[in-house]
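Overview (structure and organization)
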Amino acid sequence: MTLLTEPDNRTAAPRARSVRSRNFALTVPALVLLVVFFILPVVSLLLRSVMEPEPGLDNYRALLGSTTYLKIFLNTFSVSALVTIVTLAIGFPVAWALAIMPSRWASIVFAVLLLSMWTNLLTRTYAWMVLLQRTGVINKTLMGLGLISEPLPLVNNLVGVTIGMTYIMLPFIILPLYGVIRKIDPAILQAAALCGATRRQALTRILIPLAAPGMVSGALMVFVMSLGYFVTPALLGGTANMMLAELIAQFVQSLVNWGMGGAAALVLLIVTLTLYAVQLRLFGTARMEGR
Amino acid sequence: MKNTVIIAAIAATLGLSTAASAADLVFTSWGGTTQDVQKSAWADPFTAESGITVVQDGPTDYGKIKAMVEAAGVTWDVVDVEGDYAVQAGKAGLLEKLDFSVIDKSKLDPRFVTDYSVGSFYYSFVIGCNKDAVSACPKTWADLFDTAKFPGKRTFYKWSAPGVIEAALLADGVAADKLYPLDLDRAFKKLDTIKADIIWWTGGAQSQQLLASAEAPFGSFWNGRLTALAETGVTVETSWDQNITAADALVVPKGTKNKEAAMKFIAHATSAGAQANMASLTGYAPINLDSSSNMDEKLRMSLPDMQSKSQINADMGYWAANRDAIGERWYAWQAK
C-alpha cells in the first residue's frame, strides 16, 4: 500500500500547487487594478486623517469628542438597524411566497424586483419624495378620503428615510432568503403537520430555524449597505437625520477638510469590516450561497 | 452608495476625468438650467468665434479642484464657483492669476473682481411665495421668520453659504450696515425658532418644486429661479425687500494646460454681449457694466441690479476668511 500510494502523493502535490499558482496568476490583473485604483487611493485618504492638518490623532479626537458627530454615528446605526428589521419583516413573507409560488408567477415577481433594482437610484428616490410629501399623492388621497385632516409628515424625517431605504434594500434580502427557502424540502413541513404541529409551530420551529442562515446573511448585508448609504437619507431625511456617508461627503466636498473626512471614513470602514468578519465567522463563505 | 463615495474619492485623488482630451477647453459649472444657458450664451458663440471646443462638465466640486491641483492633473480649465470660495481658494494657492491683459476688467463690476476671479453672474436671495397656496405672503425677512403670522413650512438654502445667516440677523432686527462681522450666536438662536418648520433645498430645481407644489409655500430663493418658475404659470410673488446679493465667480485651477484658452473664454464670457444674453435667459444680473444697453427694457427692470434700494451685499471677504469655521458650525447645527 505504502509503495503504491507514495508516488501518487509525490506527483499529486506539485500538481495541486501548480494549479493553485496558475489560478492565482489569473487573478493578478484584477488584483493590480484593485490595488492601484482602490486600495492606494483609499489608504491615501485614510492617511490624511492622521496627517492633516498636522500629524496626530486630532481629527479622531474632534470626531469622537463631539456630541454632534456622535449623534450622527448613533443615528447611522439606529437607522440601519431599523431599516434591516423592517426589510426582514417585509422580505421574509415575500421570499417565502416566491419559493412556493408556481414558477411562472415567481418569474413575474422576480422581473418586478429586478426592474426596480435596475432603475436609477435617484429617480426612485425622487419618486418617493413626490409620493410622500405633504402635498403628495399619499397625503392627498388620505385627506380626500377624509381619513386624516392634516397631512402626515412622511418625508424629511426618519419615516421618509426608512420607507425609501427599505424599498431599495428589499431585493437584497429577498434574493438570499429565496435561495435558502427554496432548498428547504416541503416534505419536512408536511411531516411536521402530520406529526401534529400547528401552522405556527411549523413556522417558528422549522421554517425560521432552517431559513436563519439566509436571514442573518441577508440582514447583515442590508445593515452594512445601509451604514454607508448616501442619496436616500440625504434626500428623504431632514438634516437632523444625517448619516455618516453624508457627513463624509460634506467634509470632502463642502468643507474640503480631508483629514476629518478620512477619519470618518476609517471609522465607517472599521465597523463595516468588523461586521463582515462576524458574518464570515458565523457562516463561512460556503454558507452564503444565494447571495 | 459607500462605493460611490469611495469611487468619487479615488477619481478625485487621481484627478481622473472622463470628459475631455487636452486640446479642448473644459468648463465646469453647477448643472441644471443655469449651465444650459452658460453653454448657449457663452460657450457656443465662443466656439464659433475661436474654434476652441468647449466641453461641459460638472457639477462643481471643491474637493475635486483641490485633488486635481495637488495631483498636478488639472482637467477643469474654467470653473464656476461661489464668490467666497474664489477668494479663499485664491489665497490657498489653488488658482491661477487671471490675465487682465486678455480680460478687460475696466467694464466689470468691481465688487466681484479679484486677482484670481471675476464675477460669473450675480443673484439675490429674495423672498418667494406661492400666492395661490396661502392667504398672505411674507414681505420681509422678519415675516419669513414669524411662524405665528405665517404658519407652515418655509424653505431655505441647505449649504453653508452667504444668505441664510444674514437673513436670520436681519429678521432679528440687526441693521443692514451692522451685519458684519456676523453675530453667529444670535443668528443660530434666531434660526432655532423656526428650525422645525424649515425644509432645506439643496439645488435650484428642488427649490422650484417645493414652491410650486406648495410643500413649502414660501422661503428664500435665488431670484432667477422664481423668474423661471413664474414663466411656467405658477403665481409667484417676489419680495425684494433687503434682497441679499452674492455672486458666482469664474476661476482657473492652478496648473491647467489650457491657460491661454481659459483666459480667452473668461474674456468672452464676461463681455457685455455674453453677459446680457446670460442675464436675459436666466434672470440673474450681468456683472459687465455695459450689458444693460444690450437688453430688453422690461426684462432689465426685473434683475437684481435694479433692486438696489434696500439691497444688501454679502461680504465675500468676510465669508472667505470665515468660511470653514462657519461651515463647521452650520452643519453641526443642522444635524443637532
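Residues numbered from 1 in each chain as written. Chains lettered and ligands numbered in written order. Predicted model: local features only at pLDDT ≥ 70, side-chain atom pairs only at ≥ 80, totals over all residues.

**Describing the overall build of chain B**
Quick reminder of the rule: Each helix is a run of DSSP H or I of at least 4 residues and each strand a run of E of at least 2, with the numbering of both proceeding from the N terminus. Neighbour density around each residue's C-beta defines its exposure: 20 or more other C-beta atoms within 10 Å make it buried, 12 or fewer make it exposed, and counts between make it partly exposed, where C-beta atoms are placed from the backbone. Each residue is represented by a C-beta atom placed from its backbone, and any two residues with such atoms within 7 Å are regarded as in contact.
When you go through chain B residue by residue, the secondary structure sums to 13 helices and 9 strands. Taken along the three principal axes of its C-alpha coordinates, chain B extends 60 × 45 × 35 Å. Counting across all 336 residues of chain B, residues that qualify as buried make up 53%. Sequence separation of at least 24 residues holds for 74% of the intrachain contacts in chain B that already meet a minimum separation of 6.

**Side note on the overall build of chain A**
Secondary structure assignment for chain A yields 12 helices and 0 strands. Taken from N to C terminus, the helices and strands of chain A fall in the order α-α-α-α-α-α-α-α-α-α-α-α. On the principal axes, the C-alpha backbone points of chain A span a range of 90 × 70 × 30 Å. The 291 residues of chain A split such that 32% are buried. Taking the contacts inside chain A whose residues are at least 6 apart along the sequence as the reference set, 77% of them involve residues at least 24 apart.

**Structural notes on the environment of Lys 195 of chain B**
All names here are of chain B. Assignment of secondary structure puts Lys 195 in the loop between helix H7 (184-192) and strand E6 (198-201). With 14 C-beta atoms packed within 10 Å, Lys 195 lands in the partly exposed category. Sequence separation between Lys 195 and Met 263 is 68 residues, and the spatial gap between their C-alpha atoms is 44 Å.

**Observations regarding the interface of chain A and chain B**
Put simply, the rule is: In this classification, the charged set is Asp, Glu, Lys and Arg, the nonpolar set is Ala, Val, Leu, Ile, Met, Phe, Trp, Tyr, Cys and Pro, and all remaining amino acids, among them Gly, are polar.
At the interface, 29 residues of chain A touch 28 residues of chain B. Looking at the side of chain A that touches chain B, the elements with two or more residues in it are helix H1 (2-51), helix H3 (67-100) and helix H11 (244-254) of chain A. If one sorts the elements of the side of chain A that touches chain B by residue count, H11 of chain A sits on top with 7 residues. Its residues assigned to classes, the side of chain A that touches chain B comprises 17 nonpolar, 10 polar and 2 charged.

**Examining the pairing of strand E3 (residues 78-82) of chain B**
Residue and element names in this part refer to chain B. This is how it is decided: When DSSP finds at least two bridges between two strands, those strands are taken to pair.
When you tally the buried positions in E3, you get 5 out of 5 residues, the bulk of the element. Examined bridge by bridge, strand E1 (residues 25-28) and E3 share 2 bridges and lie parallel to one another. Bridge pairing in E3 places Thr 28 opposite Val 79. Note that E3 and strand E8 (residues 236-251) share 4 bridges and pair antiparallel. Across the sheet, Val 79 pairs through a bridge with Val 251, a residue of E8.

**Some thoughts on the domain arrangement of chain B**
Residues and elements named next belong to chain B. We count it as follows: The source of the domain bounds is an automatic or database domain assignment.
By the assigned domains, chain B splits into domain 1 (2-121 + 248-305) and domain 2 (123-246 + 312-335). In this structure, domain 1 and domain 2 have C-alpha centres spaced 26 Å apart. With 14 residues of domain 1 at the contact, the number on the domain 2 side is 20 residues. Those elements giving two or more residues to the side of domain 1 that touches domain 2 turn out to be helix H2 (32-50) and helix H4 (83-91). Considering every element that reaches the side of domain 1 that touches domain 2, the biggest residue donor is H4, with 4 residues. Classifying every residue of the side of domain 1 that touches domain 2 gives 4 nonpolar, 7 polar and 3 charged.

**With respect to helix H4 (residues 103-118) of chain A**
Counted only if it meets this: Helix span is expected to be 1.5 Å times the residue number reduced by one.
When the terminal C-alpha atoms of H4 of chain A are compared, their 22 Å separation across 16 residues agrees well with the 22 Å that a helix rising 1.5 Å per residue should span. The element H4 of chain A is largely exposed, with a buried count of 0 among its 16 residues.

**Quick word on the confidence of the model for chain B**
If pLDDT is low for a region, its predicted coordinates should not be looked at in detail. The criterion, for reference: Values of pLDDT, which run from 0 to 100, indicate the predictor's confidence residue by residue.
Averaged over every residue, the pLDDT of chain B is 89; residues scoring 70 or more account for 93%. Scored below 50 in pLDDT, residues 1-22 of chain B makes 45 contacts in the model with residues more than four places away or belonging to other chains.

**Here we look at the domain arrangement of chain A**
All names here are of chain A. Segmentation of chain A into domains returns domain 1 (1-51) and domain 2 (57-288). Placing a centre on the C-alpha atoms of domain 1 and another on those of domain 2 gives a separation of 34 Å. Tallying the contact residues gives 5 residues for domain 1 and 8 residues for domain 2. A breakdown of the residues in the side of domain 1 that touches domain 2 according to their chemical character gives 3 nonpolar, 1 polar and 1 charged.

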